[in-house]
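Summary of structural features
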Amino acid sequence: MAKASEAYVRAGEREVRISSPERVIYEATDTTPEVTKLMVAEYVASVEDGLMRALRDRPTALERWTSGVREGMKLATGPQDRNADAFYQKRVPKGAPDYLESVEITFPSGRTADEICPTEIAVPVWCAHMGTLTFHPWPVRRDDVDHPDELRIDLDPQPGTTFADAVRVAGVARELLADLGMTGFAKTSGNRGIHIYVRIAPQWDFAAVRHAAIAFGRELEKRDDGVTTAWWKEERGERIFVDYNQNTRDRTIASAYSLRPIAGAPVSTPVSWDELASLASPAAFNLFTVPERLAADGDPWAAIDDEHHSLQPLLDLWDEHPVELNFPPDHPKMPGEPPRVQPSKKVESHWDAEGNRIPD
C-alpha cells in the first residue's frame, strides 16, 4: 500500500497541508514510539494555548530538522557547518502562506531581515510542515523590536552537575527574584537545564537587559557557590552556568512547548514552582504527554503577562559592580569587554587594558 503523500491538520480556522506525513522524525526508544512528521504537526496544533502565549507577535527563528533526528546528526551553527543535517532559519522561508506575517529585525552586524512573526497557530503548524521542531522567539514584540519585554535566566548545568543541581539553583533564583519584587516563571529546557522568564516593561534596550542578567547571575553566585557566570568553559567548574548572553540581541532560547531534537521527543515544558521543587527528571515531558497535561491542568504560565516588572532593581545591582563580561563571538567587540581569548591561552603582555591585542 502506498504511503500518503500529504495530510491536513486543523489549526485554528485553517487546514494546513503537511507533505510526507509518514516521514519518521524521531525513532522509537525504550519508552516512546516513533514520531512522524504528521504527529509533530498535530502536536504543535494541540498545544496552541501555551505555544502561542510564547510566540505571539514575536520575531521567531526556526530550528529545522527536515530529515528528522538521528544519533550523530549535527545542527549548523555557522558557515563552517555547510554539511550539517539541520539549520536555523532566520528569514521567512520561500513558499510561505499569505497568512504568515513577518517583522524586520536587526542583527548585531547591523544587517536586517524579515523574520517570521506568529500571529495564529496555523503559522507554527506550517513551520512544522517545513521541518521545524524548535521555535526560537526573540524577547521582544513586533511593535517594538529593540526593547525586550522578557528577562531570560538560563540555568545551564555544566559537566559534573545534574538536573537536581539546576532545580536547587532555580529555587535560590526564585528567592532572589522575590527579594527584588519580581515574579519568575520556570520551565524545563527539554534537556538538563531550567529556564526562568520574567516579564519586564519594554523600556530598556538589549544592553541594559543583558547587564541586568549579569547582575542577577553575580548575586546568585553570592547565594550559592554552585553557580557561575564565567564565560569560558575552562573556568566554570562543576557548577550551574547562568548564561547571561541569552539576553543579547539575536540570542534566543527554545520556547515553551517547543520540541527538542533529542531521542524521545522531549518538550521544553512550563512547570509550577511547587512541581519543579519535587521534579526528579524532566524526561516524562514529551510529545505524547504534554498535550494531555496542558488540556487537563492548563498552562502554568497562564498569568505570565499579568504583570510587567521594572528592571531598575537589577540595574541598581549592576551599577554597584559595572564590570563587563564577554559577548558571544558573533557580536562586534564591545567597549569594556575582556579579551576574547581563553584564559589558559592568554599572554598578559599581549593585551591592553581595553582588551585589544598588542602586536608582537
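So, here's what we can say about the structure. All figures in this text were calculated on a predicted structure; none of them were measured in a lab. (Residues numbered from 1 in each chain as written. Predicted model: local features only at pLDDT ≥ 70, side-chain atom pairs only at ≥ 80, totals over all residues. Heavy atoms only, no water.)

1. Observations regarding the packing of aromatic side chains
The tally for this structure, following the rule as stated, stands at six aromatic pairs. Here Trp138 and Phe206 contribute two aromatic rings whose centre-to-centre distance is 6.0 Å and whose plane-to-plane angle is 85 degrees, an arrangement assigned as edge-to-face. Placement of the pair is Trp138 in the loop between strand S9 (132-137) and strand S10 (150-157) and Phe206 in helix H5 (residues 206-223), with a sequence separation of 68 residues. By relative accessible area, which is 1% here, Trp138 ends up buried. Judged by centre distance (6.4 Å) and plane angle (80 degrees), the rings of Phe241 and Tyr244 are edge-to-face. We note that Phe241, like Tyr244, is buried. Members of the aromatic cluster, connected to one another through ring pairs, are Phe185, Tyr197 and Trp301. Directly above the aromatic system of Phe327 lies the positively charged group of Arg210, at a separation of 3.5 Å from the ring centroid. (Phe/Tyr/Trp six-rings, centres within 6.5 Å; stacked < 30°, edge-to-face > 60°. Helix = DSSP H or I, 4+ residues; strand = E, 2+ residues; numbered from the N terminus. Buried < 20%, exposed > 50% of the residue type's maximum accessible area, 1.4 Å probe, protein only. Lys NZ or Arg CZ within 6 Å of the ring centre and 35° of its normal.)

2. With respect to the sheet that holds strand S11 (residues 185-188)
Each strand in a sheet pairs with another by means of backbone hydrogen bonds, the pair being arranged parallel or else antiparallel. With respect to topology, six strands assemble into an open sheet ordered S13-S14-S10-S12-S11-S15, the strand pairing being mixed. Strands with a single pairing partner mark the edges of an open sheet, and in this sheet they are strand S13 (227-228) and strand S15 (270-271). Note: S10 against strand S12 (residues 194-199), six bridges, orientation antiparallel. Bridging across to S12, Leu155 finds its partner in Ile194. Against the sheet, helix H4 (residues 163-179) engages S10, S11, S12, S13 and strand S14 (240-242), with an angle of about 20 degrees to S12. (Pairing = 2+ DSSP bridges. Contact = heavy atoms within 4.5 Å. Axes fitted to C-alpha atoms, helices over the stretch in contact; angles between N-to-C directions.)

3. Focus: the packing of H5 against helix H9 (residues 312-320)
Pairs of packed helices are described in terms of their axes, by the angle between the two and the distance that separates them. Running from N to C, H5 and H9 cross one another at 75 degrees; their axes reach a closest spacing of 8 Å. Of the possible angle classes, the one that applies to H5 and H9 is roughly perpendicular. Mapping the contact onto sequence places Ala208, His211, Ala212, Ile214, Ala215, Phe216, Arg218 and Glu219 in H5 and Leu314, Leu315, Leu317 and Trp318 in H9. For the contact of H5 with H9, the class distribution of residues is nine nonpolar, one polar and two charged. (Parallel < 35°, antiparallel > 145°, perpendicular 65-115°, else oblique. Nonpolar A, V, L, I, M, F, W, Y, C, P; charged D, E, K, R; others polar.)

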